2 protein chains.
Amino acid sequence: MWKSVIILSVTSLAAVETALGDLIEVIRGTKKTIDVCVFTISCRDLAQELVNLHENGVVVRIITDGESINAMGSQIGTFRSAGIQVRHNRSSFFMHHKFVLIDNAVVINGSFNWTMQAVTGNHENLLITNNMNICNPYEEEFTKLWALYAPINLTN
Amino acid sequence: MWKSVIILSVTSLAAVETALGDLIEVIRGTKKTIDVCVFTISCRDLAQELVNLHENGVVVRIITDGESINAMGSQIGTFRSAGIQVRHNRSSFFMHHKFVLIDNAVVINGSFNWTMQAVTGNHENLLITNNMNICNPYEEEFTKLWALYAPINLTN
């Protein structure tokens, strides 16, 4: 089983809106849990979708890169203000993943950071699948990093 | 059908070597064509694998980001010296894909740029699959960008 591939390339504004709309539709379909493991998150529209899910009782967990938190337009403050847990690395190397797990049953991976540049200008791809053989290693990676980046494990 | 997911995370040097080894094994399995569409390529070991394939008669085509060509350690010069065709965008936006198509039958996608930092330090993931429903849209995207970035279409 598989679901679909989204290619974001600025062939037209309509194509971009369709691609972003497809991604948002998948995110809105979350029933219980969404685990977001994305290097940079600065796109307000996508951030708002997570806040909405959180307010509707979905368990939202976010892992991102420690340096990207301070990047212009970062939405991490928005998440924390809303009461969503965010964890991050403190290494000079990157937490460079760009994947999302929905209800432990669908994985979205690819080149796509959650930035306006990625949405409106870059060439990007997203693969969306519900193949459990693919979901499982992403779930294991999220679980590992979530524990690794627990506040109790972070020292300055 | 699917093949495997490679997670690169520096848990140990051995784990990194295994992950890189697994990727190289897939690349070495190329029979006729390999289409590489990767934002940044500066890892010498991976670049050498493409040169070896080219010298053994495999058709190697590379699309990369125009700005990354000038980044430190870029292997684009190596490819061009070896006679491998490389095409790139000239936009301020990124050609941000990180996917590879092998024999139009296997696709590798994920967060992974071909850099030493990605290999030795970052948290990264690669999904490898031979599901044709997944391969086809990546093949279409490569074909589209290859034509778009043909030298005849580039103006200064």
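Residues numbered from 1 in each chain as written. Chains lettered and ligands numbered in written order. Predicted model: local features only at pLDDT ≥ 70, side-chain atom pairs only at ≥ 80, totals over all residues. Heavy atoms only, no water.

Enquirer: Give a description of the sheet that holds strand β2 (residues 33-38) of chain B that names residues and reports values.
Expert: Residue and element names in this part refer to chain B. Ordered by their spatial adjacency, seven strands build an open sheet running β1-β7-β6-β5-β2-β3-β4, and the pairing between neighbours is mixed. Two strands lie at the open edges of the sheet, namely β1 (4-8) and β4 (85-88), each paired on one side alone. Mean inter-strand twist for the sheet, computed between neighbouring axes without regard to direction, equals 15 degrees. Set on the sheet, helix α2 (residues 44-55) makes contact with β2 and β3 (59-64); between it and β3 the angle comes to about 145 degrees. (Pairing = 2+ DSSP bridges. Helix = DSSP H or I, 4+ residues; strand = E, 2+ residues; numbered from the N terminus. Axes fitted to C-alpha atoms, helices over the stretch in contact; angles between N-to-C directions. Contact = heavy atoms within 4.5 Å.)

Enquirer: Before we move on, could you go through the environment of Ser42 of chain A and cite the residues and values that matter?
Expert: Residue and element names in this part refer to chain A. Along the polypeptide, Ser42 turns up in the loop between β2 (33-38) and α2 (44-55). Taking the C-alpha atoms as reference, Ser42 lies 8.6 Å from Asn113; in sequence the two are 71 residues apart. Look past the residues within four positions of Ser42 in its chain and what remains in contact with it is Met72, Gly73, Ser74, Gln75, Trp114, Thr115 and Met116.

Enquirer: So what about the sheet that holds β2 of chain A? Which residues, and what values?
Expert: Residues and elements named next belong to chain A. Taken together, the seven strands give an open sheet; going across it, the order is β1-β7-β6-β5-β2-β3-β4, and neighbouring strands pair in mixed fashion. Both edges of this open sheet fall to β1 (4-8) and β4 (85-88), since each of them pairs with a single strand only. For this sheet, the mean inter-axis angle between neighbouring strands, taken without regard to orientation, is 15 degrees. Where β2 lies against strand β3 (residues 59-64), five bridges are found, and the strand directions are parallel. Looking across to β3, one finds that Ile34 is bridged to Val60. Strand contacts of α2: β2 and β3, with the helix running at about 145 degrees to β3, the strand carrying the most contacts. Where helix α5 (residues 132-148) meets the sheet, it contacts β2, β3, β4, β5 (98-102), β6 (106-110) and β7 (124-129), and its direction lies at approximately 105 degrees from that of β5.

Enquirer: Outline the nonpolar core, listing residues and values.
Expert: Membership of the largest hydrophobic core comes to 36 residues, with the highest contact counts inside it found for Ile34, Leu50, Phe79 and Trp114 of chain A. The element contributing the most residues to this core is helix α1 (residues 13-28) of chain A, with six residues. When near neighbours in sequence (up to four residues on either side) are disregarded, Leu50 of chain A contacts Ile27, Ile34, Val36, Val60, Ile62, Phe79, Ile84 and Trp114 of chain A. Ranked by size, the runner-up nonpolar core spans 35 residues in total, among them Ile6, Val36, Val38 and Ile102 of chain B. (Core = buried A, V, L, I, M, F, W, Y, C linked by side-chain atoms within 4.5 Å. Buried < 20%, exposed > 50% of the residue type's maximum accessible area, 1.4 Å probe, protein only.)

Enquirer: Now, about the side chain of Arg87 of chain A: what can you tell me, with residues and values included?
Expert: All names here are of chain A. The residue Arg87 is located in strand β4 in this model. In this structure Arg87 is buried but unpaired, with Asp35 as the nearest side chain of opposite charge at 10 Å. Excluding its chain neighbours within four sequence positions, the residues that come into contact with Arg87 are Ile62, Ile63, Thr64, Trp146, Tyr149, Ala150 and Pro151. (Lys, Arg positive; Asp, Glu negative; His and termini not counted. Salt bridge = Lys/Arg side-chain N within 4 Å of Asp/Glu carboxyl O.)

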